[in-house]
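Structural features, examined
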Amino acid sequence: MAAAFASGSAATATVFQALAPGDHVIAPDDCYHGTARLLREVFAPWGLQTTFVDMTDAGNVRRAVQPNTRLIWVETPSNPLLKITDIAEMASIAQSAGALCVCDNTWASPMLQRPLSLGADLVVHSTTKYLGGHEDVTSGAVVGKADTDFFQRVRLIQNVYGAVPSPFDCWLTLRGVRTLHVRMPAHCANAGRVARFLHDHPNVAAVHYPGLPDHPGHATAAGQMADFGGMLSFQVAGGRDAAMQVAANVRLFVRATSLGGTQSLIEHRASIEGPDSTTPDDLLRVSVGLENADDLIADLAQALG
Ligand SMILES: *Cc1c(COP(=O)(O)O)cnc(C)c1O
């Protein structure tokens, strides 16, 4: 079962809207900032209650369950700190609570991570990212295991609100899907090389990439992902100004938000998220593209000085 949407955000909003006012949602404290804003600024006034927790510790999620908990929202790897949540564990907590487990699988893509086979009830994608893959389409999808009452409600809202993609957006998305299996391993290989380079660089204070053996979620990621993905973030020694300088110095990386396309992108995430951001202000988020890894590393080397 799948329903296509005009954006990942429209897909996400539809899932929340298929709940009822008074229902309770558990979401990660570092979920995609648009998802957090939907929950705080749109669905809280509508009557949804949300508890934001650090989902890397399943105990936090168990403690957050209430009698009216209807949905556990999972996003792994997370944005922008690449935290890893155990999907099977979240699905089992949701099941014993009588709630749905919904996984935003945008960053991993279906090639690297299959939440439905790990027990999740629904998967949400911003197909704007890896599935579209070419930075030229905005689209989204909700994918389910079965045609449940909840999925029918998702379809009803998709239909009556008109949150649907145009035929051309569908065409572009399908064009991207055909090469996902070729692009994704190349993204992973490049990201692994860039992560190792940054890890050993003296002007880098921290690298967040689940493929690094010292990443706290490495073992969980290795168990539930086929590879570690094309996204990483790093913190520049010297703080915010030094991070801004690195972003200003790059020549091959493009300074832009979004992710999952052929070009490598770099962004100062806290600036994108705005004043309520909890992202460290020395952090740069990188979407590693399909350029030659030697060129990407050379560019970061000159930018870091
Ligand atoms: C980009 C993104 C979204 C929102 O998708 P849009 O297609 O830009 O609306 C949702 N979740 C994650 C993890 C994303 O990266």
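Residues numbered from 1 in each chain as written. Predicted model: local features only at pLDDT ≥ 70, side-chain atom pairs only at ≥ 80, totals over all residues. Heavy atoms only, no water.

Counting residues in each nonpolar core, the largest one holds 41 residues, and the members touching the most others are Leu198, Leu232, Phe234 and Leu300. Examining the composition of this core, we find that eight residues originate from one element, helix 8 (residues 180–199), more than from any other. Residue-level mapping places this core at the junction of two domains, with at least three residues from each of domain 1 (2–177) and domain 2 (180–304). Discounting residues that sit within four places of it in the chain, Phe234 has contacts with Leu198, Val204, Ala206, Val207, Val246, Ile266, Asp282, Leu283, Leu284, Val286, Leu300 and Leu304. (Core = buried A, V, L, I, M, F, W, Y, C linked by side-chain atoms within 4.5 Å. Buried < 20%, exposed > 50% of the residue type's maximum accessible area, 1.4 Å probe, protein only. Helix = DSSP H or I, 4+ residues; strand = E, 2+ residues; numbered from the N terminus. Domains from an automatic or database assignment. Contact = heavy atoms within 4.5 Å.)

Examined at the domain level, the protein chain breaks down into domain 1 (2–177) and domain 2 (180–304). On the side of domain 2, 38 residues touch domain 1, which itself brings 30 residues to the contact. Between domain 1 and domain 2 lies a buried interface of about 2,700 Å² when both sides are counted; carbon and sulfur atoms form 62% of it. One can count zero salt bridges joining domain 1 with domain 2. Between the two partners, domain 1 and domain 2, sit 14 residue pairs in polar contact (both at pLDDT 80 or more). Among the elements of the structure, helix 5 (109–112) and helix 7 (167–177) are those that each provide at least two residues to the side of domain 1 that touches domain 2. (Buried area = accessible area lost by both parts, 1.4 Å probe. Salt bridge = Lys/Arg side-chain N within 4 Å of Asp/Glu carboxyl O. Polar contact = N/O pair within 3.5 Å; in protein donor to acceptor, adjacent residues only side chain to side chain.)

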